[in-house]
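What follows is the residue order along each chain.
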Amino acid sequence: MNDPKQPPFPPETLRALSDDFARRSPRELLRWGFDTFGDDMVLGTGFGPSGIVLTHLVATLKPDATIFYLDTDLLFPETYALRDRLEERLGVTFTRVTTELSLDEQARRHGPELWRRDPDRCCFLRKVLPLRRFLEGRRAWVTGLRRDQSTARAGVPLLAWEPAYGVVKLNPLAHWTSEDVWSYLQLHDLPYNPLHDRGYPSLGCLPCTAPVPEGADERAGRWAGFDKTECGIHVPSHQAA
Ligand code: SF4
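A brief structural summary. Quantities reported herein were computed from a predicted structural model and do not represent experimental measurements.

1. Thoughts on the sheet that holds strand 3 (residues 94-98)
Each strand in a sheet pairs with another by means of backbone hydrogen bonds, the pair being arranged parallel or else antiparallel.
Okay, so step 1: Spatially, 6 strands are ordered 3-2-1-4-6-5 in an open sheet, and the strand pairing comes out mixed. Strands at the two margins of the open sheet, each flanked by one partner only, are strand 3 and strand 5 (159-162). The average undirected angle you get between the axes of adjacent strands in this sheet is 30 degrees.
Okay, so step 2: Bridge count for strand 1 (residues 41-44) against strand 2 (residues 67-71) is 2 bridges, and the pairing is parallel. Bridge pairing in strand 2 links glycine 44 to phenylalanine 68.
Okay, so step 3: With respect to the sheet, helix 2 (residues 26-37) is in contact with strand 1, strand 4 (140-142), strand 5 and strand 6 (167-170), its orientation differing from that of strand 6 by roughly 165 degrees.
Okay, so step 4: The strands that helix 7 (residues 119-135) touches are strand 1, strand 2, strand 3, strand 4 and strand 6; relative to strand 3, the one it contacts most, it runs at about 125 degrees.

Okay, structure coming up:
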């Protein structure tokens, strides 16, 4: 087995693969990923529309694959309910990845409602660190990133080495549009978060997600009032992309 902290392919090979898979279906990239990395490839989802598409694809390709979500203990009740519906509907079991730092302990150490004062620190504690630990020893991470989600994501490749976690990152829907995703959900009659019909195109933690006006970036309601558009788990690959 390759050293999980070393790129398994030279950068030019990954770039060529990324260009090639941009002309093929997300299913083909996922199949290549499972053939290449086996059980060491994991899908992460926040139960957004893209994540539901990928969960559906993975459930048909490799039903025993690891599909995880980052549980900050601050997700919307509707998100937890959707998780349960998807498990029932698709026959998958989501792996909960979380911090050992309880909300009470976080408040004791960093003050109450850290997300109101220092959301970068809060995201680092509740998302980045648990993800870093979870991806140790894995070789590939599948995400639902899409180029049309925000200007910050406009350069997302389909495949890239992610040095911050020592894994190959696969973004099979990078070149899909929001319309592509919603058409897929409709075609397969898949459940989705009812809050998307109430002005929340992108959902994260409850205290940091607001509804967005029509026509705004899909992620404009995340950390409204702060100069922050990403939680930090994806930033390194964007900047490298
Ligand atoms: S999205 Fe908000 S509440 Fe959730 S981890 Fe980040 S700062 Fe904390």
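2. Topic: the side chain of asparagine 193
Okay, so step 1: Mapped onto the elements, asparagine 193 comes out in the loop between helix 8 (178-187) and helix 9 (235-240).
Okay, so step 2: For asparagine 193, the side chain forms a polar contact with the side chain of threonine 79, separated by 3.2 Å.
Okay, so step 3: Among all residues touching asparagine 193, those that are not within four sequence positions of it are Glu78, Thr79, Leu82 and Leu203.

3. Quick word on the packing of helix 3 (residues 49-61) against helix 8
Okay, so step 1: Contact geometry for helix 3 and helix 8: axes closest at 9 Å, N-to-C directions at 50 degrees. In terms of orientation, helix 3 lies oblique with respect to helix 8. Between helix 3 and helix 8 lies a crossing whose hand is left-handed. Of the residues in helix 8, those in contact with Pro49, Ser50, Ile52, Val53, His56 and Leu57 of helix 3 are Val181, Trp182, Tyr184 and Leu185.
Okay, so step 2: When its residues are assigned to classes, the contact of helix 3 with helix 8 shows 8 nonpolar, 2 polar and no charged.

4. Focus: the site of the ligand
Okay, so step 1: In the region of the ligand, the neighbouring residues are Leu74, Trp115, Pro119, Cys122, Cys123, Arg126, Lys127, Cys205, Cys208 and Trp223.
Okay, so step 2: Tallying contributions element by element places helix 7 first for the shell around the ligand, with 5 residues.
Okay, so step 3: For the shell around the ligand, the residue count by class is 8 nonpolar, no polar and 2 charged.

5. Things to note about helix 4 (residues 77-90)
Okay, so step 1: The terminal C-alpha atoms of helix 4 lie 20 Å apart, and with 14 residues this matches the ideal 20 Å at 1.5 Å per residue to within 8%.
Okay, so step 2: Taken as a whole, helix 4 has its buried residues at Thr79, Leu82, Arg83, Leu86 and Leu90. The buried residues of helix 4 occupy an angular sector of 110 degrees when projected down its axis, which confines them to one face. Away from its buried face by more than 90 degrees, helix 4 exposes Pro77, Arg85 and Glu88.
Okay, so step 3: With its phi angle positive at about 70 degrees, glycine 91 sits one or two positions after the end of helix 4.

6. Describing the environment of tyrosine 200
Okay, so step 1: Inspection of the secondary structure assignment puts tyrosine 200 in the loop between helix 8 and helix 9.
Okay, so step 2: With 23 residues separating them in the primary sequence, tyrosine 200 and threonine 177 have C-alpha atoms 17 Å apart.
Okay, so step 3: For tyrosine 200, the contacting residues outside a window of four places in its chain are Phe76, Leu195, Thr209, Ala210 and Pro211.

7. Thoughts on the environment of proline 213
Okay, so step 1: As for its position among the elements, proline 213 is in the loop between helix 8 and helix 9.
Okay, so step 2: Residues proline 213 and leucine 135 lie 78 residues apart in sequence; the distance between their C-alpha atoms is 36 Å.

8. Focus: the pairing of strand 3
Regular strands show a simple pattern: their side chains alternate between the two faces of the sheet.
Okay, so step 1: Of the strand pairs in this sheet, strand 2 and strand 3 are connected by 5 bridges, and their pairing is parallel. If you follow isoleucine 67 over to strand 3, its bridge partner there is phenylalanine 94.
Okay, so step 2: At this point the chain moves from strand 2, through helix 4, to the parallel strand 3, and the crossover so formed is right-handed.

What counts and what doesn't
- Residues numbered from 1 in each chain as written.
- Predicted model: local features only at pLDDT ≥ 70, side-chain atom pairs only at ≥ 80, totals over all residues.
- Heavy atoms only, no water.
- Pairing = 2+ DSSP bridges.
- Helix = DSSP H or I, 4+ residues; strand = E, 2+ residues; numbered from the N terminus.
- Axes fitted to C-alpha atoms, helices over the stretch in contact; angles between N-to-C directions.
- Contact = heavy atoms within 4.5 Å.
- Polar contact = N/O pair within 3.5 Å; in protein donor to acceptor, adjacent residues only side chain to side chain.
- Parallel < 35°, antiparallel > 145°, perpendicular 65-115°, else oblique.
- Left-handed = near helix turned anticlockwise from the far one by under 90°.
- Nonpolar A, V, L, I, M, F, W, Y, C, P; charged D, E, K, R; others polar.
- Near = heavy atom within 4 Å.
- Expected span 1.5 Å × (residues − 1).
- Buried < 20%, exposed > 50% of the residue type's maximum accessible area, 1.4 Å probe, protein only.
- Arc of directions from axis to C-beta.
- Right-handed = clockwise from strand over helix to strand, strands pointing away.

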